[in-house]
Amino acid sequence: MSYVDSIVAVCEKYDCRYKLDESLKNHTTFRIGGKCRIAVFINGEKVLGELVSYCRDNNVKYFILGNGSNIIADDKDFEGAVFIIGNDFSRINYIRDGVVECEAGLMLSRLCVTVMKEGLTGLEFAYGIPGTVGGALYMNAGAYGGEMSDVVVSADYLDIDGKVKSISKENMDLSYRHSAFMKSGRIILRVRIKLEQGVIMDIEQKMEKLMNQRREKQPLNFPSAGSTFKRPQGAFAAALIEQCGLKGFSVGDAQVSEKHSGFVINKGEATFEDLMELVEKIKEKVKNDTGYELELEPEILS
């Protein structure tokens, strides 16, 4: 029995959706990527635990994916399984005394709207970030002066031995675009955040104001992975890129956005190779002209 057949058997045991030879273009906001042998839409921690344990025991390559908004997928086919923690694992379990517990696949935008209707403030910064709650915590996502470390209380995760464990904020090692979950093999299952009581109208107005700023300043009409580079200490990536005359610079259909230099966009048919070549040219030019070393923010799926 092939590893794909074994994974399918586990999926059917838990009534979990899957697709064979699925294009990763369909699951990344850059709309770039080859196929994976099997994509599984995780619907619970038991199926995830069994699948991950199987892959580890049998040396099957796998990748955990949320909304794919901070991922650059290689055009070469991924020989392995991709486990998607999204809509099938996105319940809000409770809202109590300002604490909200939700599953990792919940979209941030949906959570923001839900807590706004409850009159809870503190998460407005996340409205418009095109990721899941689990993905946002994984990278300590942030915008407009706020980040996940401001609101998270604790989380549950699947450890490398397949056991479900809890972790407090204090042990997450949260810093700029970093958490203890990165490169640790631990998979976020549930997140708990703490918000304050506010006024629904004020919260809604702030969310709309921030969304309008996004629409005005960011190239939301093109596929991208959001900010392409991390903010270097003492500077801003977009300003450095613009300073180097790279606004609008392109390789194939991969282009530095003419609207916001911090975004590399896919103008239509950009390939992984186009994108990586452009990224390297940007890094080289910025390093030579300014002395700053830019670091890619999205992770590579290959």
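The structure we're discussing is the one just above.
A.B. asks: What is the right way to look at the packing of helix H1 (residues 3-13) against helix H2 (residues 45-57) in this model?
C.D. replies: The description of two helices packed together rests on the angle between their axes and the distance between the axes. Viewed as axis vectors pointing N to C, H1 and H2 meet at an angle of 165 degrees, and their least axial separation amounts to 10 Å. Relative to H2, the element H1 lies roughly antiparallel. Regarding H1 and H2, the two cross each other, and that crossing is right-handed. For the pair H1 and H2, contact is made by Tyr3, Ser6, Ile7, Val10 and Lys13 and by Val47, Glu50, Leu51, Tyr54 and Cys55, respectively.

A.B. asks: Would you mind showing me how to read unusual backbone geometry here?
C.D. replies: For residues that are not glycine, phi is negative in most cases, and the peptide bond is trans in most cases. Its identity as a non-glycine residue notwithstanding, Asp21 has a phi of 50 degrees, on the positive side. Mapped onto the elements of the fold, Asp21 is located in strand S1 (residues 17-23). Positive phi, close to 55 degrees, is recorded for Asp97, a residue that is not glycine. Inspection of the secondary structure puts Asp97 in the loop between strand S6 (92-96) and strand S7 (99-103).

A.B. asks: It is not clear to me how the pairing of S6 should be interpreted in this structure. Could you clarify?
C.D. replies: The pairing of S6 with S7 spans 4 bridges and is antiparallel. Paired with Ile92 across the bridge in S7 is Cys102.

A.B. asks: Before we go on, may I ask you to explain the sheet that holds strand S3 (residues 62-65) in this structure?
C.D. replies: Taken together, 4 strands build an open sheet; the order of strands is S1-S2-S5-S3 and the sheet is mixed. In this open sheet, the two edge strands, each paired with only one partner strand, are S1 and S3. Taking the axes of each pair of neighbouring strands and ignoring which way they run, one obtains an average angle of 25 degrees across the sheet. Relative to strand S2 (residues 35-41), S1 runs antiparallel, the two being bridged by 6 bridges. Residue Arg17 lies in a different strand from S2, and its bridge partner there is Phe41.

A.B. asks: So what exactly am I meant to see when it comes to the nonpolar core here?
C.D. replies: Note that soluble globular proteins tend to have their nonpolar side chains buried in a common cluster. If you look at the biggest cluster of nonpolar residues, it comprises 60 residues, and the most contacted ones within it are Ile7, Val40, Leu48, Phe83, Leu111 and Leu123. Aside from chain neighbours lying at most four places away, what touches Leu111 is Ile92, Val100, Cys102, Leu106, Leu123, Val133 and Ile193. Counting 24 residues, the second-largest nonpolar core is a separate cluster that includes Ile32, Ile72, Cys244 and Val251.

A.B. asks: Please clarify how the environment of Lys247 should be interpreted in this entry.
C.D. replies: Positionally, Lys247 belongs in the loop between helix H6 (237-243) and strand S16 (250-251). Judged by relative accessible area, Lys247 falls into the partly exposed class, the value being 35%. Remark: the alpha-carbon pair of Lys247 and Val4, spanning 243 residues in sequence, is separated by 44 Å.

A.B. asks: Looking at this structure, I do not really get the sheet that holds strand S12 (residues 164-168). What am I missing?
C.D. replies: The strands making up a sheet associate through backbone hydrogen bonding, with each pair oriented either parallel or antiparallel. Spatially, S6-S7-S13-S11-S12 is the arrangement adopted by the 5 strands of the open sheet, whose pairing is antiparallel. Single-partner strands in this sheet number two, and they are S6 and S12. The average undirected angle you get between the axes of adjacent strands in this sheet is 15 degrees. Sheet analysis places S7 next to strand S13 (residues 187-194), joined by 5 bridges and oriented antiparallel. The residue of S13 that forms the bridge with Cys102 is Val191. Contacting strand S11 (152-158), S12 and S13, H2 crosses the sheet at an angle of about 145 degrees to S13.

A.B. asks: Got a minute to help me understand the pairing of S3 in this structure?
C.D. replies: Successive side chains on a regular strand alternate, one facing one side of the sheet and the next facing the other. Of the two faces of S3, the one holding Phe63 and Leu65 is buried and the one holding Tyr62 and Ile64 is not buried anywhere. Sheet topology note: the S3/strand S5 (residues 78-84) ladder contains 4 bridges and is parallel. The residue of S5 that forms the bridge with Tyr62 is Ala81.

A.B. asks: Looking at this structure, how should I read the side chain of Asp274?
C.D. replies: Along the chain, the position of Asp274 falls in helix H7 (residues 272-290). Residues in contact with Asp274, not counting those within four places in the same chain, are Val251, Gly252, Asp253, Ala254 and Glu269.

A.B. asks: I tried to follow helix H3 (residues 108-117) on my own but got confused; where do I start?
C.D. replies: The periodicity of an α-helix, 3.6 residues per turn, causes residues three or four places apart in sequence to face the same way. For H3, the complete set of buried residues consists of Leu108, Leu111, Cys112, Val115 and Met116. The buried residues of H3 occupy an angular sector of 135 degrees when the element is viewed end-on, so they sit on one face. Residues of H3 that are buried make contact with S6, S7, strand S8 (120-121), helix H4 (133-138), S13 and helix H5 (200-217).

A.B. asks: Can you help me understand the packing of aromatic side chains in this one?
C.D. replies: Note on aromatic pairs: each is described by the distance of the centres and the angle between the planes. All chains considered together, the criterion is met by 2 aromatic pairs. On the basis of an interplanar angle of 75 degrees and a centroid distance of 6.1 Å, the ring pair of Tyr157 and Phe181 is categorised as edge-to-face. Remark: Phe181 occurs in the loop between S12 and S13 and Tyr157 occurs in strand S11; sequence separation between them is 24 residues. We note Arg17 situated over the ring of Phe41; from NZ or CZ to the ring centre the distance is 4.2 Å. Note that Arg96 overlies the ring of Tyr94, its terminal NZ or CZ placed 4.1 Å from the centroid.

Reading guide: rules and limits
Residues numbered from 1 in each chain as written. Predicted model: local features only at pLDDT ≥ 70, side-chain atom pairs only at ≥ 80, totals over all residues. Heavy atoms only, no water. Axes fitted to C-alpha atoms, helices over the stretch in contact; angles between N-to-C directions. Helix = DSSP H or I, 4+ residues; strand = E, 2+ residues; numbered from the N terminus. Parallel < 35°, antiparallel > 145°, perpendicular 65-115°, else oblique. Left-handed = near helix turned anticlockwise from the far one by under 90°. Contact = heavy atoms within 4.5 Å. Pairing = 2+ DSSP bridges. Core = buried A, V, L, I, M, F, W, Y, C linked by side-chain atoms within 4.5 Å. Buried < 20%, exposed > 50% of the residue type's maximum accessible area, 1.4 Å probe, protein only. Arc of directions from axis to C-beta. Phe/Tyr/Trp six-rings, centres within 6.5 Å; stacked < 30°, edge-to-face > 60°. Lys NZ or Arg CZ within 6 Å of the ring centre and 35° of its normal.

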